[in-house]
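Reading the structure
Here is what each chain is made of, one letter per residue.
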Amino acid sequence: MSLFRRPPSPESGPSGDDSSRSVTPVETAVVPPAQPTPVLSGPPRPRVGGTGATPALPPRPPGAVTGSRPALPPEPDEPDFPTERRAVNAPADRRAPPAPATLPSVIVAPQENRERRGPGPSQFTGSEEGRERRGPGPSQFTGSEEGRERRGPGPSQFTGSEERRAAPGPSQYTGPDRRGTAAPAAPYAGPERRAGRRAGEEGAAERFWPAQPRTLGETGLTATFVEELVLKALFFAGEMRGMDIAARLQLPTALVDDVIEGLRRQKYIDIRGGGGSGVGKSTMIYQLTTFVTDVLRQVLDRNRYNGPAPVPFQEYVAAVKKQTVRGNRITRARMQDKFGDLIIKDYIFDGIGPAMNSGRAIFFYGPPGNGKTAICQGMVNCFDGDIFIPHAILIDDFVVRIFDSNLHKVVEDEPGSAGSYDRRWVRCRRPLVVVGGELTLEMLDLVYSPEVKYYEAPFQMKASNGMLLIDDFGRQKVSPKDLLNRWIVPLESDIDMLTLHTGKKLQVPFDVFAAFSTNLDPSDLVDDAFLRRVRYKLEVQRPDEDQFHDIFQVMCRKRGVAYDASAVDYLIDTHYRPVDRPFAACQPRDLLDQVIDMAHYQGIEPRLTSDLLDSAVRGYFVRFDKDKSNATSASAG
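Given the structure is predicted, the values throughout are model-derived calculations rather than measurements.

**Focus: the overall build of the protein chain**
Of the regular secondary structure elements, the protein chain holds 17 helices and 21 strands. Evaluated residue by residue, the protein chain yields a buried proportion of 44% over its 637 residues. Within the protein chain, contacts between residues separated by at least 24 positions form 65% of all contacts whose residues are at least 6 apart in sequence. When the accessible surface of the protein chain is summed, it comes to about 32400 Å², and 52% of that surface belongs to carbon and sulfur atoms.

Following this line, the structure appears as C-alpha cells:
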C-alpha cells in the first residue's frame with residue numbers, strides 16, 4: 001500500500017507537520033484498522049532521511065498517471081495509482097495530495113518497470129523491475145510481492161494483496177474490496193440493470209433474467225407494503241414459521257426476517273411460546289398479537305391479496321419488451337418437428353411460418369373440424385426458449401394478478417440453479433391462451449373484485465410474450481363488429497389501453513401473437529379496416545383421401561388399435577362417396593373413439609371391422625330434418 005505525499009512547503013519547514021496539506025474527500029475517509037495480516041497489509045513505512053521531510057515526486061508526463069516511491073523492506077517498490085482506495089493500517093497524517101479532476105481509463109505504469117513480450121493484453125507478473133510478460137493470454141496474478149508469478153494464459157486469478165487489478169482481462173479477485181479505477185455504479189433503473197447474462201448460456205446477453213433482490217430497495221416495494229403482506233399471511237394462516245412466510249411472499253429469507261423483526265418491535269407479531277430472535281429465527285413460529293387489530297382491519301379494507309410479493313409495473317413493462325414474441329427466425333425444417341403427430345399440408349407451413357416470424361396477427365378461416373385450433377397449439381411450440389411471468393404486478397398501490405396455473409406451464413429449474421433468480425417471477429413456456437364463445441368485452445379489461453379488492457389481468461395480458469387464439473370468432477355474445485373495434489388499436493400500435501376502477505387509463509404493452517379462427521363466412525364478420533391490420537390470412541382446407549388415411553393411421557397408433565387400410569377403404573366407399581360426404585380432419589379421431597366404446601360395450605377387442613364402423617357412423621353422422629308438421633326426425637347420413 002502506498003500513499004502520495006506532498007513536499008514540505010517553506011512555511012512548514014522540515015518538521016513533518018502535515019496540517020497544511022490539502023486532501024481529497026475520498027482520502028479523508030480512512031477505514032479503522034482491521035486485524036493486519038502478512039499478505040493484505042504491511043508495516044507503516046518510515047520517513048526518509050530521518051528529518052520528517054519527504055522527497056519531491058517526479059513530474060508526471062502528460063496523458064499518463066504514474067507514481068513511485070523508494071523501496072522499503074519487506075515490500076518491493078510498486079507504482080502508485082491515483083485511484084479511489086481505502087488506507088488500511090496507515091497513520092492518519094500520511095495523506096496524499098488532491099487527485100486530478102479526471103482520471104484516465106488505463107493506468108500506465110513506469111516504463112522502466114515493465115516489459116512487453118507479446119501482442120496480447122497486459123500481463124503483469126512479479127513486482128516492479130521483476131515483473132515480466134510470459135504469453136499472450138489474459139493476466140493471472142497469483143503471488144504476492146516479489147514471488148508473484150504468471151501461471152498460464154487463462155483468465156485473471158488475483159489472489160494477492162494488490163490494491164488494484166493490473167490486467168484488463170476477466171478477473172477473479174479474492175482480496176480486499178479495493179478496485180482501483182472502477183467506474184461508479186449506475187443508479188438502479190429497473191430490470192435493465194438487474195437482468196443479466198445467464199451463466200453458461202451463449203447468446204443470451206439480451207435475455208431477461210431477474211436477479212434476486214438483496215435489499216428491500218431492489219424489490220421496488222416499500223417497507224410498509226411488505227409488512228402488510230406479512231400481516232395478511234399470518235392472518236389467513238393463523239401462525240407460520242419465518243421460512244414459510246418468506247416462501248409465501250417469494251422473497252429472500254434474510255429480507256423477510258428483517259421485516260418480521262421490525263413488526264416484533266412494534267408488538268404486532270410475536271413468537272409463539274416466547275424465544276429469542278437470534279440464530280434460527282426463520283424456524284420460529286410467529287402469530288399476531290392483539291395490538292394489531294386496528295391496523296389489520298385497515299390493511300384488509302385496502303386489499304385482501306395474499307400471495308407472492310408483486311413486481312413494480314415498470315419492471316413488468318421492461319420485461320415484456322425484452323422477451324418479445326416479435327422478430328423470430330423460424331424455418332421450415334424447424335417447424336416440422338414442433339407439430340407432433342399433426343398431419344397438415346405444405347401450404348399451411350408456408351402460410352404460418354412468415355406470420356410467426358413477424359409476430360403479427362393471423363386469421364384462420366375454413367370449414368369446422370380441420371385442425372385450426374390444433375395448428376395454433378403447434379405454432380406456440382415453435383417459439384424459442386422460455387420466459388418469466390410475474391405472479392402479480394403493482395400499479396398505483398393496486399395489485400394485478402397475472403400468473404395463472406391453468407394457462408401457464410411452469411418450467412422446472414435445472415439442478416443447481418435454485419435461488420438464482422427473483423422468485424416473484426415464474427419461469428414458464430410461452431403461453432397459448434384460447435378463448436371462445438364465452439368471451440365478452442368486460443373480460444378484455446382489468447377485472448376488479450370488490451370482495452378481495454385486487455385485479456385479475458385480462459386474457460391478452462396473460463398471453464403476453466405468447467399467443468392468443470380467439471376461437472370460434474363470430475360466435476361470441478358480443479357482436480363481431482364491437483369485438484373487432486376493441487382489437488384495432490392494439491394490433492396497430494402494440495399498446496393496449498386498460499382502465500382501473502378509479503377511472504385512470506393505463507398503457508400496457510400488447511406483445512401478443514394474435515390468431516383469429518372462424519368457420520363462418522369471413523365476409524359476414526370482418527371489414528377492410530380489420531383485414532388491413534391482420535396481415536396474414538390462411539384458409540385451412542379439408543383433407544383429401546390420402547391425408548384421411550394418414551390421420552386414421554396416426555390415431556390408431558395413439559389409441560393402441562391395429563390400423564387396417566382395407567377397413568378405412570370400406571368406410572370411405574360405403575359412407576362417404578355415395579352421399580358425397582366431405583372429409584374432416586377430426587373424423588378419424590371421433591369415429592375411432594366410438595369404435596373403441598362400442599367394442600368395450602360388446603366385450604370384444606377394439607378393431608377396425610365393418611360392423612363396428614357401421615355402428616360408429618350411425619351414431620356420429622346424423623342429419624336432423626323438419627317436416628311440414630314441425631315434427632323432428634333424425635336419419636343417418
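**Focus: the packing of helix α3 (residues 223-237) against helix α6 (residues 293-302)**
Closest axis-to-axis distance for the α3/α6 pair is 10 Å, and the angle between their directions is 100°. Taken together, the axes of α3 and α6 lie roughly perpendicular to each other. Side by side, α3 and α6 meet where E228, L231, K232, F235 and F236 of the first sit next to V295, L296, V299, L300 and R302 of the second. Residues belonging to the contact of α3 with α6 are distributed by class as follows: seven nonpolar, no polar and three charged.

**Details of the side chain of D496**
With respect to the element layout, D496 can be found in strand β16 (residues 495-499). Judged by its relative accessible area of 3%, D496 falls in the buried class. At 2.9 Å, the side chain of D496 forms a polar contact with the side chain of R486. When near neighbours in sequence (up to four residues on either side) are disregarded, D496 contacts Q460, R486, P490, L506, Q507, V508 and F510.

**Observations concerning α3**
Between the first and last C-alpha of α3 there are 21 Å, a value that for 15 residues agrees with the 21 Å anticipated at 1.5 Å per step. Every buried residue of α3 is accounted for by F225, V226, E228, L229, V230, L231, K232, A233 and L234. Looking at the residues trailing α3, positive phi occurs at G238, about 90°.

**A few points about the environment of D445**
With respect to the helices, strands and loops of the structure, D445 is situated in the loop between β12 (432-435) and β13 (447-449). Judged by its relative accessible area of 22%, D445 falls in the partly exposed class. In the structure, D445 is positioned 51 residues away from D496 in sequence and 9.5 Å away in space, judged by C-alpha atoms. If near-sequence neighbours (up to four positions away) are discounted, D445 is found in contact with P458, L498 and T499. A polar side-chain atom of D445 sits 3.1 Å from the main-chain amide nitrogen of T499.

**Description of the pairing of strand β10 (residues 398-401)**
Note that strand β9 (residues 392-395) and β10 share four bridges and pair antiparallel. Bridge pairing in β10 links I395 to F398. Hairpin connection, β9 to β10: the antiparallel pair is bridged by two residues, and D396 has positive phi, about 50°. The sheet contact formed by β10 and strand β14 (residues 454-456) spans two bridges and is parallel. Residue pairing in the sheet places R401 in a bridge with E456 of β14.

**As for the sheet that holds strand β4 (residues 269-271)**
Read from one edge of the open sheet, three strands run β3-β5-β4, paired in antiparallel fashion. Two strands bound the open sheet, and with one partner strand each, they are β3 (239-241) and β4. Mean inter-strand twist for the sheet, computed between neighbouring axes without regard to direction, equals 35°. In this structure, β4 lies alongside strand β5 (residues 285-288), joined through three bridges in antiparallel fashion. Counterpart to I269 in the pairing with β5 is L288. Its contacts with the sheet place helix α5 (residues 253-265) against β4 and β5, and it is angled at close to 105° to β4.

**Focus on the nonpolar core**
In terms of nonpolar packing, the biggest core is built from 31 residues, with V230, I245 and L249 touching the most fellow members. Those elements giving two or more residues to this core turn out to be α3, α4 (242-249), α5, β4, α6 and β9. The contacts of L249, once residues within four sequence positions are left out, are V226, L229, V230, A233, G307, P308, A309 and R424. Of all hydrophobic cores here, the second largest spans 25 residues; its members include I362, F364, C376 and V380.

**Here we look at helix α10 (residues 372-379)**
For α10, the complete set of buried residues consists of K372, I375, C376, G378 and M379. Down the axis of α10, the buried set is contained in an arc of 160°. They therefore lie on one face.

**A look at the sheet that holds β9**
Pairing between the strands of a sheet is mediated by backbone hydrogen bonds and can be parallel or antiparallel. Read from one edge of the open sheet, five strands run β6-β9-β10-β14-β13, paired in mixed fashion. A single partner strand is all that each edge strand has here, and the edge strands are β6 (311-312) and β13.

**Re the packing of aromatic side chains**
Ring pairs (aromatic) are described by centroid distance and by the angle formed between their planes. Here the structure, examined in full by the defined rule, presents 21 aromatic pairs. Taking 5.5 Å as the distance between ring centres and 85° as the angle between the ring planes, the aromatic pair formed by Y305 and Y454 counts as edge-to-face. Taken together, the positions of Y305 in the loop between α6 and β6 and Y454 in strand β14 put the pair 149 residues apart, joining distant regions of the chain. Given the relative accessible area of 14%, Y454 is considered buried. Of the aromatic side chains, those joined through ring pairs into one cluster are F548, F552, Y576, F583, Y620 and F621. The ring of Y421 has R423 lying over it, and the distance from NZ or CZ to the ring centre is 4.1 Å. Here the guanidinium or amino end of R581 rests over the ring plane of F621, the centre of that ring lying 4.0 Å away.

**A few points about the confidence of the model for the protein chain**
Looking at the protein chain, the pLDDT average stands at 73 and 63% of residues meet or exceed 70. Long-range and interchain partners of residues 1-205, a stretch whose pLDDT sits below 50, account for 305 contacts in this model, where long-range means more than four residues apart.

**Looking at the environment of K321**
Here K321 shows up in helix α7 (residues 313-322). In sequence terms K321 and F510 are 189 residues apart; their C-alpha atoms lie 9.7 Å from each other.

**Observations regarding the side chain of S464**
Relative to the helices and strands, S464 is located in the loop between α11 (459-462) and β15 (467-470). We classify S464 as buried; its relative accessible area is 5%. Within polar-contact distance, the side chain of S464 engages the backbone oxygen of M461 at 2.9 Å. With sequence-adjacent residues up to four places away left out, S464 is seen in contact with Y316, I387, P431, P509, D511 and V512.

Rules used in this analysis
Residues numbered from 1 in each chain as written. Predicted model: local features only at pLDDT ≥ 70, side-chain atom pairs only at ≥ 80, totals over all residues. Heavy atoms only, no water. Helix = DSSP H or I, 4+ residues; strand = E, 2+ residues; numbered from the N terminus. Buried < 20%, exposed > 50% of the residue type's maximum accessible area, 1.4 Å probe, protein only. Contact = heavy atoms within 4.5 Å. Areas by Shrake-Rupley, 256 points an atom, 1.4 Å probe, with all protein chains shown as cover. Axes fitted to C-alpha atoms, helices over the stretch in contact; angles between N-to-C directions. Parallel < 35°, antiparallel > 145°, perpendicular 65-115°, else oblique. Nonpolar A, V, L, I, M, F, W, Y, C, P; charged D, E, K, R; others polar. Polar contact = N/O pair within 3.5 Å; in protein donor to acceptor, adjacent residues only side chain to side chain. Expected span 1.5 Å × (residues − 1). Pairing = 2+ DSSP bridges. Core = buried A, V, L, I, M, F, W, Y, C linked by side-chain atoms within 4.5 Å. Arc of directions from axis to C-beta. Phe/Tyr/Trp six-rings, centres within 6.5 Å; stacked < 30°, edge-to-face > 60°. Lys NZ or Arg CZ within 6 Å of the ring centre and 35° of its normal. pLDDT = per-residue confidence, 0-100.

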